[in-house]
Amino acid sequence: MARLIFLGPPGAGKGTQAVVVATQLQLAHISTGDLLRAAVAQQSALGLEAQGYMSRGELVPDSLVLGLVRDRLQQPDTANGWILDGFPRNRSQAESLNALLAEIGQRIEQAVNLDVPDEVIVERMLARGRADDNESVIRRRLEVYREQTAPLIDFFRDRQQLLEIDGNAAVELVTERLVNALQVAAV
Ligand code: ADP
């Protein structure tokens, strides 16, 4: 059962790859960034609370994000497996996720880390032009990534769940690397 975490710095292409791999392997794609942006667009209470953190490049409080993930993992399209894209993003989210999965009788199969050099990341994000993609916010998101999210690489390595993929290549080539590595790991 493919239950996957996609790690990697902002701009590494994990969102793009998560969509393609989820379609190919018929998994639910769960992006906390997308769920939060939808909440902001709807101006729901959660969206209003999340908005400021997102526009500054900070992490939204764990409790808000965890609630979104908990609801999403109960939906029927997750039965065949899922890809969590952008979650967990810090140690406490990783521990909460493990607790939540234990509660619902599931476990993470692999955590995929997409490796991309910093200069490529900033270039890609500036080209993308999302509302939170101006240079100072990008810098802050990279800092937050290094401080809070990058340590999860070791967290999953220690649990023998880490799959490292070189993400510095054309989209199609990265997809091929990913799908091949996931198939090998699944045997
Ligand atoms: P990127 O991968 O480019 O960083 P995302 O779409 O994953 O973009 O996230 C955009 C923003 O949404 C983050 O900068 C953060 O403010 C918020 N966010 C997304 N996921 C989480 C999470 N798991 N915990 C806290 N905040 C999050």
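Preceding this paragraph is the structure being described.
In what follows, the accompanying structure is described.

Cut-offs used in this document
- For every chain, the first residue of the written sequence is number 1, and numbering continues from 1 along that sequence.
- Under the rules for a predicted model, residues below a pLDDT of 70 receive no local features and side-chain atom pairs below 80 are neither given nor counted, while totals for whole chains, interfaces and linings still include all residues.
- As a rule here, side-chain values come from all non-hydrogen atoms in the structure, and water together with hydrogens is ignored.
- Numbered from the N terminus, helices here are DSSP runs of H or I no shorter than four residues, and strands are runs of E no shorter than two.
- The globule rule is 2.2 Å times the number of residues to the power 0.38, and the radius of gyration it is compared with is taken over C-alpha atoms.
- Partly exposed residues are those whose accessible area sits between 20% and 50% of the maximum for their type, while under 20% is buried and over 50% is exposed, using a 1.4 Å probe and protein chains only.
- Note on definitions: a residue-residue contact is assigned when non-hydrogen atoms from the two residues lie within 4.5 Å.
- Charge counting treats Lys and Arg as positive and Asp and Glu as negative, with His and both chain ends excluded.
- Every charge is mapped onto a representative atom, which is NZ of Lys, CZ of Arg, CG of Asp or CD of Glu.
- Working note: the arc is built from the helix axis to C-beta atom directions.
- A fitted line through C-alpha atoms represents every axis, and for helices the fit uses only the stretch in contact; the resulting angles, taken between N-to-C directions, go from 0 to 180 degrees.
- For classification purposes, an angle smaller than 35 degrees is called roughly parallel, one larger than 145 roughly antiparallel, one from 65 to 115 roughly perpendicular, and anything else oblique.
- Residue polarity is assigned by list, with Asp, Glu, Lys and Arg as charged and Ala, Val, Leu, Ile, Met, Phe, Trp, Tyr, Cys and Pro as nonpolar; anything else, Gly included, falls into the polar class.
- Take the buried Ala, Val, Leu, Ile, Met, Phe, Trp, Tyr and Cys residues and link them wherever side-chain atoms come within 4.5 Å; each set so joined is a nonpolar core.
- When two rings of Phe, Tyr or Trp (its six-membered ring) have centres within 6.5 Å they constitute a pair, described as stacked for plane angles under 30 degrees, edge-to-face for angles over 60, and tilted for the intermediate range.
- Criterion for a charge above a ring: Arg CZ or Lys NZ at most 6 Å from the ring centre, at most 35 degrees from the ring normal.
- Any Lys or Arg side-chain nitrogen found within 4 Å of a carboxyl oxygen on Asp or Glu counts as a salt bridge.

**As for the overall build of the protein chain**
A tally of helices and strands in the protein chain yields 9 helices and 5 strands. Along the protein chain, from the amino end to the carboxyl end, the secondary structure elements read β-α-β-α-α-α-β-α-β-α-α-α-β-α. Computed over the C-alpha atoms, the radius of gyration of the protein chain is 16 Å, within 12% of the 16 Å expected from 2.2 N^0.38 for a compact globule of 187 residues. Overall, the protein chain is about 45 × 35 × 30 Å in size when its C-alpha atoms are taken along their principal axes. A total of 187 residues make up the protein chain; the buried ones form 47% of that total. Across the protein chain, every contact between residues at least 6 apart in sequence was considered, and the portion connecting residues at least 24 apart equals 73%. Averaging the positions of the 19 positive and the 25 negative side-chain charges in the protein chain gives two centres separated by 2 Å.

**A closer look at helix α8 (residues 151–158)**
All of the buried residues along α8 are Leu152, Ile153, Phe155 and Phe156. On an axial view of α8, the arc spanned by its buried residues comes to 160°, and they lie on one face. At its buried positions, α8 is contacted by β1 (2–7), α5 (91–103), β4 (110–115), α7 (135–149) and β5 (162–166). Just downstream of α8 lies Gln160, where phi reads positive at about 55°.

**Some points on the packing of helix α2 (residues 32–42) against helix α4 (residues 62–72)**
Two elements in contact, α2 and α4, have axes separated by 10 Å at closest approach and are oriented at 105°. Judged by the inter-axis angle, α2 sits roughly perpendicular to α4. Along its contact with α2, which presents Thr32, Leu35 and Leu36, the element α4 presents Val65, Leu68, Val69 and Arg72. Grouping the amino acids of the contact of α2 with α4 by side-chain chemistry returns 5 nonpolar, 1 polar and 1 charged.

**So, the environment of Val60**
By the secondary structure assignment, Val60 is in the loop between α3 (45–56) and α4. Setting aside residues no more than four positions away along its own chain, Val60 makes contact with Leu36, Ala50, Tyr53, Met54 and Val65.

**Some details on the nonpolar core**
One finds Ile5, Leu7, Leu73, Trp82, Leu84, Leu97 and Phe156 to be the most contacted residues of the largest nonpolar core, which totals 29 residues. Among the secondary structure elements, those contributing two or more residues to this core are β1, β2 (28–31), α2, α3, α4, β3 (81–85), α5 and α8. The contact partners of Trp82, leaving out residues within four places of it in the chain, are Ala2, Arg3, Leu4, Leu27, Ala28, Ile30, Leu73, Leu101, Gln106 and Ile108.

**A short note on the packing of aromatic side chains**
For the coordinates displayed, the defined rule picks out 1 aromatic pair. Taken together, a centroid distance of 5.2 Å and an interplanar angle of 85° make the contact between Phe155 and Phe156 edge-to-face. Geometry around Tyr53 places Arg56 over its ring, the cationic atom sitting 5.3 Å from the centre. Sitting above the plane of the Phe155 ring, Arg159 keeps its charged end 3.6 Å from the centroid.

**Some remarks on the pattern of salt bridges**
Following the criterion strictly, the structure yields 15 salt bridges and no others. In this structure, Arg72 engages Asp77 in a salt bridge whose closest nitrogen and oxygen atoms are separated by 2.8 Å. With relative accessibility at 14%, the residue Arg72 sits in the buried group. Salt-bridge contacts for Glu143 lead to Arg140; the nearest nitrogen and oxygen are separated by 2.5 Å. Of this pair, Glu143 and Arg140 both sit in helix α7, 3 residues apart, which is roughly one turn of the helix.

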